[in-house]
Amino acid sequence: MPKFNPFRYYSQLLHRHPVSVQSVTTAGMFAAGDVIAQQYVERKGVKGHEWGRTARLGIVGLCITGPAVANWYKLLERYITTSSHLRSTLTRVVVDQLIFSQFSIFSFLSASSVLEGKSLDEISGKLQQGYWDALVMNWKVWTPIQVANFYVIPMYWRYVEDGETVWMG
């Protein structure tokens, strides 16, 4: 009887149901990133851990970020193709960073604020306060990572690799 290989099983699921699997994976990565942030960066301890915050981030990953990124990567792969793999990669990165990163940061800040029960004025304030800084940091950190991501990582594995656990943490 062949041994169970969890990576092969996950890869098969990823190919059969890419958006669903990537959405569930994103939820887990967002939640894990928040646990890392609260326990190792903020040093809250188990008693001080904000489980509601962890759950909210998981929900954002499951319902918004996971499906959006999975479908975005499929669009980039389908519509941005050139005769050169490097040129396609660099074009995808530019389009990703100039268009999708703005949507992604806006939707993340907005959705997490809605789930926190913030008012429209509070959400607007959060966007005004944090959006630009988050976008600039995103460009600094993710542009070189996305070059490697789009150049080396197979399409279905891209978002799994995307490192949200590190970014959230």
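None of the values given here were measured: they were computed from a predicted structure. (Residues numbered from 1 in each chain as written. Predicted model: local features only at pLDDT ≥ 70, side-chain atom pairs only at ≥ 80, totals over all residues. Heavy atoms only, no water.)

Colleague: Sorry if this is basic, but what is going on with the packing of helix α1 (residues 6–16) against helix α2 (residues 18–41) here?
Modeller: The relative placement of two packed helices comes down to the angle between their axes together with the axis-to-axis distance. Where α1 contacts α2, the axes come no closer than 5 Å and their chain directions differ by 125 degrees. Taken together, the axes of α1 and α2 are oblique relative to one another. Two secondary-structure elements touch here, α1 through Y10, L13, L14, H15 and R16 and α2 through P18, V21, Q22 and T25. When its residues are assigned to classes, the contact of α1 with α2 shows 5 nonpolar, 3 polar and 1 charged. (Axes fitted to C-alpha atoms, helices over the stretch in contact; angles between N-to-C directions. Helix = DSSP H or I, 4+ residues; strand = E, 2+ residues; numbered from the N terminus. Parallel < 35°, antiparallel > 145°, perpendicular 65-115°, else oblique. Contact = heavy atoms within 4.5 Å. Nonpolar A, V, L, I, M, F, W, Y, C, P; charged D, E, K, R; others polar.)

Colleague: I tried to follow the environment of G28 on my own but got confused; where do I start?
Modeller: Along the chain, G28 falls in helix α2. A C-alpha to C-alpha distance of 15 Å links G28 and A70, two positions 42 residues apart in sequence.

Colleague: Please explain the pattern of salt bridges as it appears in this structure.
Modeller: Pairs can form between side chains of opposite charge once their charged atoms are near each other. Counted according to the given criterion, the structure contains 7 salt bridges. In this structure, E50 engages K44 in a salt bridge whose closest nitrogen and oxygen atoms are separated by 2.2 Å. With a relative accessible area of 34%, E50 lands in the partly exposed category. Note on K44: relative accessible area 25%, which makes it partly exposed. (Salt bridge = Lys/Arg side-chain N within 4 Å of Asp/Glu carboxyl O. Buried < 20%, exposed > 50% of the residue type's maximum accessible area, 1.4 Å probe, protein only.)

Colleague: Just checking my understanding: could you explain the environment of T82 for this structure?
Modeller: The residue T82 is located in the loop between α4 (51–79) and α5 (85–115) in this model. Assessed through its relative accessible area of 34%, T82 is described here as partly exposed. Setting aside residues up to four positions removed in sequence, T82 forms contacts with R87 and S88. At 2.8 Å, the side chain of T82 forms a polar contact with the backbone oxygen of S84. (Polar contact = N/O pair within 3.5 Å; in protein donor to acceptor, adjacent residues only side chain to side chain.)

Colleague: Explain the side chain of S88 here, please?
Modeller: One can find S88 in helix α5. In this structure S88 comes out as buried when scored by relative accessible area, which is 4%. Contact partners of S88, with chain neighbours within four places excluded, come to I80, T81 and T82.

Colleague: Explain the confidence of the model for the protein here, please?
Modeller: Close inspection of predicted coordinates is inappropriate in any region flagged by low pLDDT. Across the protein, pLDDT averages 90, with 93% of residues at or above 70. Ranking the elements of the protein by mean pLDDT puts helix α8 (residues 164–168) last with 45 and helix α3 (residues 45–48) first with 96. With pLDDT under 50 throughout, residues 163–169 is counted as low confidence; its partners more than four residues away or in other chains account for 23 contacts. (pLDDT = per-residue confidence, 0-100.)

Colleague: Mind showing me how you'd approach the nonpolar core here?
Modeller: The tendency in soluble globular proteins is for nonpolar side chains to be buried side by side. Of all hydrophobic cores here, the largest spans 10 residues; its members are A68, V69, W72, Y73, L76, I80, V93, F100, F150 and M155. Of all the elements in the fold, those that place two or more residues in this core are α4 and α5. Examining the composition of this core, we find that 5 residues originate from one element, α4, more than from any other. Grouped together as the second largest cluster of nonpolar side chains are 6 residues, L109, I123, L127 and L135 included. (Core = buried A, V, L, I, M, F, W, Y, C linked by side-chain atoms within 4.5 Å.)

Colleague: Looking at this model, I keep getting lost on the packing of α2 against α4. Mind explaining?
Modeller: Put simply, α2 and α4 touch, their axes get as near as 7 Å, and they point 140 degrees apart. Compared by their axis directions, α2 and α4 come out oblique. Here the hand of the crossing between α2 and α4 comes out right-handed. Its residues placed into classes, the contact of α2 with α4 shows 13 nonpolar, 10 polar and 3 charged. (Left-handed = near helix turned anticlockwise from the far one by under 90°.)

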